[in-house]
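Per-entry structural report
Okay, here's what each chain looks like letter by letter:
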Amino acid sequence: MTTYWCERAWLPDGIAEAVRIEVDGGKITAVTANAPRAGTVLSGLTLPGFVNGHSHAFHRALRGRTHHDRGTFWTWRERMYSLASRLDPDSYYRLARGVYAEMVLAGYTSVGEFHYLHHAPGGKPYAEPNAMGEALWQAAKDAGIRLTLLDTCYLAGGIGVEPDEVQRRFSDKTATKWAQRAGEMREDETFRVGGAIHSVRAVPEDQLSEVAGGTGPLHIHLSEQRAENEQCVAAYGRTPTELLHDHGVLGERLTAVHATHLTAEDVQRLGSARSRACFCPTTERDLGDGIGPARALLDAGVRLSIGSDSNAVVDAFEETRALELNERLASEKRGRFTAEELLAAATDHGAVGWDEVGSLAPGAGADLVTVGLGSVRTAGIEPSGVVFAASGADVRDVVVAGREIVRDGVHQLIDRPETVLAKEIEALWQS
């Protein structure tokens, strides 16, 4: 058994002082406030681990490299496809190892990897059909983060359009073949497998229900850009959300990623189905996607989570407070979310299949993130204001499944992750 003594901790009923947390077998066994100091001291404010509900790990190599020609969406897309064509299982492992280490340093303790880079160039399967997914699994294990591989079905280059040369790497040709390959992955104590529909553009209407037929978490890029909605209405006479509803895809398993351009009826359908929505504000800003209706979705009964998507920024606090700040811009009003609502979104590990993680309570998975309250960013704040003031640079200690991964701001498993990232990204662009 391991004992942590937290100067302050954000418990399910609020912030408490002098909190002793006892951990055994990767789970929290006891939580006691106003306890005498004992065990490992965590100075600052200790929070439940944050969840990164939507990541494309390989996009990290695009950071700071897509601003040419004023950085249009198409500039970004061309660079992304160029990068996708360069990766193999070994290089993907090395890159993802650095990316996942960066995530843990920023306060994330689990990540949902929206994984569609399945095959070799030209679409030929590797000798081990899940070699790319296994590279991500090993990278996450070595970086000390929980991973949910959201194995993604990607069959078309657009509605009624065949995949192009790069997109053939993404395609299993049919939903049945996708399910057979994805079903070969085996879970362990820090690795789980879910499914994903890339989008209504990439999975034909007649195969949506087959992809949605599993039992784990199911994600989809939904209404990220207006053009997607226009194409879907032109082809099917329905919005993407209506199409999913008609094919039985909406439900408690589903997380709609981005959910930016929704009608009022779309919002109500998602709420009635008790679906989730994962917002990725830093990427949505980077790509110029727009501001989604986060408050309206929450009011309708949709559970919110956050993600880093393209990893243009990896900072759990930046994504979390952006839910509120973006709403202020869209509504011209303050106070759209409470700090507690923001923390709930940031720690909804159920969105990626870890229902037992996300609170500092007996029986929960032992994921702890301690934030320093003495930096130039956090000095003088009220502890509950940490979601508005802190950054990933303020994360001092991280425990994942009872294992100490970050101590005093230093990753304990990977030496100098920034050096790992610089080396691997430079090598990819020179290849």
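This text gives an overview of the structure that appears in the document.

What counts and how
- Residues numbered from 1 in each chain as written.
- Predicted model: local features only at pLDDT ≥ 70, side-chain atom pairs only at ≥ 80, totals over all residues.
- Heavy atoms only, no water.
- Helix = DSSP H or I, 4+ residues; strand = E, 2+ residues; numbered from the N terminus.
- Buried < 20%, exposed > 50% of the residue type's maximum accessible area, 1.4 Å probe, protein only.
- Contact = heavy atoms within 4.5 Å.
- Areas by Shrake-Rupley, 256 points an atom, 1.4 Å probe, with all protein chains shown as cover.
- Lys, Arg positive; Asp, Glu negative; His and termini not counted.
- Charge placed at Lys NZ, Arg CZ, Asp CG, Glu CD.
- Core = buried A, V, L, I, M, F, W, Y, C linked by side-chain atoms within 4.5 Å.
- Arc of directions from axis to C-beta.
- Pairing = 2+ DSSP bridges.
- Phe/Tyr/Trp six-rings, centres within 6.5 Å; stacked < 30°, edge-to-face > 60°.
- Lys NZ or Arg CZ within 6 Å of the ring centre and 35° of its normal.
- Polar contact = N/O pair within 3.5 Å; in protein donor to acceptor, adjacent residues only side chain to side chain.
- Axes fitted to C-alpha atoms, helices over the stretch in contact; angles between N-to-C directions.
- Parallel < 35°, antiparallel > 145°, perpendicular 65-115°, else oblique.
- Left-handed = near helix turned anticlockwise from the far one by under 90°.
- Nonpolar A, V, L, I, M, F, W, Y, C, P; charged D, E, K, R; others polar.
- Expected span 1.5 Å × (residues − 1).
- Bend = angle between axes of the 7 residues up to and from the residue.

Per the secondary structure count, the protein chain includes 14 helices and 16 strands. By principal-axis analysis of the C-alpha atoms, the protein chain measures approximately 65 × 45 × 45 Å. Counting every position in the protein chain, which comprises 431 residues, the buried fraction comes to 58%. Once local pairs closer than 6 in sequence are excluded, the contacts in the protein chain between residues at least 24 apart make up 73%. When the accessible surface of the protein chain is totalled, it reaches about 16,600 Å², and 48% of it is carbon and sulfur. Distance from the positive charge centre (44 side chains) to the negative charge centre (60 side chains) of the protein chain: 2 Å.

All right, on to the nonpolar core then. By size, the foremost hydrophobic cluster in this structure holds 108 residues, and its most contacted members are Phe58, Leu95, Tyr100, Leu244 and Leu297. Ranked by residue count, the leading element in this core is helix α2 (residues 89-105), at 8 residues. What Phe58 contacts, discounting residues up to four positions off in sequence, is Met80, Leu83, Ala84, Leu87, Tyr92, Leu95, Tyr116 and Leu117. Judged by nonpolar contacts, the second largest core, of 14 residues, contains Leu11, Leu42, Leu360 and Leu368.

So, about helix α12 (residues 339-346). All buried positions along α12 are accounted for by Ala339, Leu342, Leu343, Ala345 and Ala346. All buried residues of α12 project into a common sector of 160° when viewed along the axis, lining one side. The elements touched by buried residues of α12 are β1 (2-11), β4 (40-48), β5 (50-55), β12 (303-306), α11 (316-331) and α13 (386-389).

Strand pairing in a sheet takes place through backbone hydrogen bonds and is either antiparallel or parallel in direction. Strand order in this open sheet of 8 strands is β3-β2-β1-β4-β13-β14-β15-β16, and the pairing throughout is mixed. Sheet topology places β3 (27-32) and β16 (410-411) at the edges, where each strand pairs with a single neighbour.

What the rule picks out here adds up to 8 aromatic pairs. Ring geometry for Tyr116 and Phe170: centres 4.8 Å apart, planes at 75°, overall edge-to-face. Here Tyr116 is found in the loop between β6 (108-115) and α3 (131-143), whereas its partner Phe170 is found in the loop between β7 (146-153) and α4 (175-182), with 54 residues between them in sequence. Classification of Tyr116 by relative accessible area gives buried; the value is 5%. Note on Phe170: relative accessible area 0%, which makes it buried. Counting every residue linked through ring pairs, the aromatic cluster contains Phe58, Tyr81, Tyr92, Tyr116, Tyr154 and Phe170. When the ring centre of Trp429 is taken as origin, the NZ or CZ atom of Arg79, which lies over that ring, is 4.1 Å away. Geometry around Trp354 places Arg146 over its ring, the cationic atom sitting 4.9 Å from the centre.

Below, the discussion takes up the environment of Arg321. Tracing the backbone through its elements, the reader meets Arg321 in helix α11. Note: C-alpha distance between Arg321 and Phe388 (67 residues apart in sequence) is 5.7 Å. There is a polar contact of 3.5 Å between the side chain of Arg321 and the side chain of Glu318.

Turning to the packing of α11 against α12, a few remarks are in order. Here α11 crosses α12 at 135°, and the two axes come no closer than 9 Å. In terms of axis orientation, α11 runs oblique to α12. Considering the relative orientation of α11 and α12, their crossing is right-handed. Touching Thr320, Leu323 and Glu324 of α11 are Leu342, Ala345 and Ala346, all from α12. Of the residues contributing to the contact of α11 with α12, the split by class is 4 nonpolar, 1 polar and 1 charged.

Under the 1.5 Å per step criterion, the end-to-end length of α11 is 23 Å for 16 residues, consistent within 8% with the ideal 22 Å. The axis of α11 is deflected most strongly, by about 35°, at Ala322. Every buried residue of α11 is accounted for by Ala316, Phe317, Glu319, Thr320, Arg321, Ala322, Leu323, Glu324, Asn326 and Glu327. Regarding α11, its N-cap is Asp315, as a side-chain oxygen of that residue lies 3.0 Å from the backbone nitrogen of Phe317 further along. Following α11 by one or two positions, Glu332 has its phi on the positive side, about 60°.

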